[in-house]
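Breakdown of the fold
Take a look at the letters that make up each chain.
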Amino acid sequence: MMDSPVFTVEEAAKYLKETKGTIYVLVRSKDFPAIKIGRQWRILKHELDDWLLKRYNNKPENLVKW
């Protein structure tokens, strides 16, 4: 359910238009905002949005040069 504030790996993959495999790689990178509950990963939507925005804003071609 995409209305939930908490995503599964599959839901996060759909949200980001990526594969589940890519999300698992990101989760293991320690930079990705996910927590493991039991044997499954959970991602808070607002933390995923913040992570994505931070990465977008830090791209060299998106930085404003003064």
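In what follows, the accompanying structure is described.

What counts as what
- Residues numbered from 1 in each chain as written.
- Predicted model: local features only at pLDDT ≥ 70, side-chain atom pairs only at ≥ 80, totals over all residues.
- Heavy atoms only, no water.
- Buried < 20%, exposed > 50% of the residue type's maximum accessible area, 1.4 Å probe, protein only.
- Helix = DSSP H or I, 4+ residues; strand = E, 2+ residues; numbered from the N terminus.
- Arc of directions from axis to C-beta.
- Contact = heavy atoms within 4.5 Å.

Focus on helix α2 (residues 20–28)
When we look at burial in α2, the residues that qualify are Ile23, Leu26 and Val27. Along the axis of α2, the buried residues cluster in a sector spanning 100 degrees; they form a single face. Facing away from the buried side of α2, by more than 90 degrees, are the exposed residues Val25 and Arg28. Those residues of α2 that are buried are in contact with α1 (9–16), β3 (40–44) and α3 (45–57). Of the residues flanking the end of α2, it is lysine 30, one or two places downstream, whose phi is positive at about 70 degrees.

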